[in-house]
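The primary structure of each chain is shown beneath.
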Amino acid sequence: MTAGGPVLTFHGVRGSTPCDGHQYSRYGGSTSAVALECPGHAPVIFDLGTGVRAYGDEVTAKLVADMQANRAATPYTANVLLTHLHWDHIIGMPFFTPAFRPDANINVYGPRQLEGPLGDVFAQVMRPPFFPITPDQLGGDVRFQEVGDDAYALNGAKVLSRWVRHTDPALGFRVELEGRSVTYISDHGPGCITDDPDDYVPPGVLELCDGVDVLIHDAQHTLDEYEAKRHFGHSSIEYAVHVGKESGIRNLVLFHHCPTHSDDDIDRILQHAQDVSDKVNGPRIIAAHEGLRINLDHV
Ligand SMILES: [Zn+2]
Ligand SMILES: [Zn+2]
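Given the structure is predicted, the values throughout are model-derived calculations rather than measurements.

Draft legend 1. Quick look at the pairing of strand β4 (residues 77–81). Most of β4 sits out of view: 4 of its 5 residues are buried. Alignment of strand β3 (residues 44–46) against β4, held across 3 bridges, turns out to be parallel. Pairing of valine 44 across the sheet is with asparagine 79, part of β4. Both β4 and strand β5 (residues 105–111) contribute to a ladder of 5 bridges, which runs parallel. If you follow alanine 78 over to β5, its bridge partner there is isoleucine 106.

Given below as structure tokens:
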């Protein structure tokens, strides 16, 4: 085991759109971005929502401090696991300052697209007149790699990706690193496939989640909200707990909080989710908040 162990840090936990205001001050209003860091390995970054901006500034400050201390300069490498191309998962990209370094290698693994190569489709959103620059103009070497139901190795990490149900092509990821594991399913909506029973958990999702140390899962809706919005492509709190129970996991992180949910609402949702889970002897529940750190050696 590497000293220190793999650590997850949550930089953006909000779903759908960034939001600002006193009612979001404890859980945060930045959209999906989670870093998995471990000494001796390139970081893995789940999604490029607005939360990745502040994380990038931290990384850049550390790289500058290392250079000023005359430590050996090594090229910056990061592997991004991008679930899908909805705005809330990509709009942090142009503000991720490490990508501006000429020595940067940013490898973006994301879902195969029907409309063309992933990098081309991404560049259709990040280009004038929608944004002043393209990914090619960031300064670093940004490469897009299309994946689907695949397994691959990234700098010592083993990654499994599987398609999950959402309104547009979307992936979930499982990463195994230094004997620990985490699964990230940010946007997952059982109501997207109308023929599926509400309690159905697809084999691909079970594969991603089976016995994992920490599951980060869509928990956008209360049950009442879900009934009205099942076509939105997100999960109810009950379904997130159900996936955790069916997968035999011990730790479920509620993620992709709805912009309509204040801090107090999420406190209530967390308590409700724990009550639901306790009744079925399910997982321990954590509500993701900006700044949350989880050392996978200690869960
Ligand atoms: Zn989303
Ligand atoms: Zn989405």
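Draft legend 2. Broad picture of the environment of histidine 231. Locating histidine 231 in the fold gives a position in the loop between α4 (223–229) and α5 (237–247). You can call histidine 231 exposed: it has 11 C-beta atoms within 10 Å. Separated by 39 residues in the primary sequence, histidine 231 and cysteine 192 place their C-alpha atoms 5.3 Å from one another. Setting aside anything within four residues of it in sequence, one finds histidine 231 in contact with Gly191 and Cys192.

Draft legend 3. Just the pairing of strand β7 (residues 150–154), in detail. In this structure, β7 lies alongside strand β8 (residues 157–164), joined through 5 bridges in antiparallel fashion. Along β8, the bridge assignment pairs tyrosine 152 with valine 159. Here β7 folds back onto β8, and the loop between the two strands holds 2 residues, one of which, asparagine 155, carries a positive phi near 45°.

So, how was this worked out
- Residues numbered from 1 in each chain as written.
- Chains lettered and ligands numbered in written order.
- Predicted model: local features only at pLDDT ≥ 70, side-chain atom pairs only at ≥ 80, totals over all residues.
- Buried ≥ 20, exposed ≤ 12 C-beta atoms within 10 Å, placed from the backbone.
- Helix = DSSP H or I, 4+ residues; strand = E, 2+ residues; numbered from the N terminus.
- Pairing = 2+ DSSP bridges.
- Contact = placed C-beta atoms within 7 Å.

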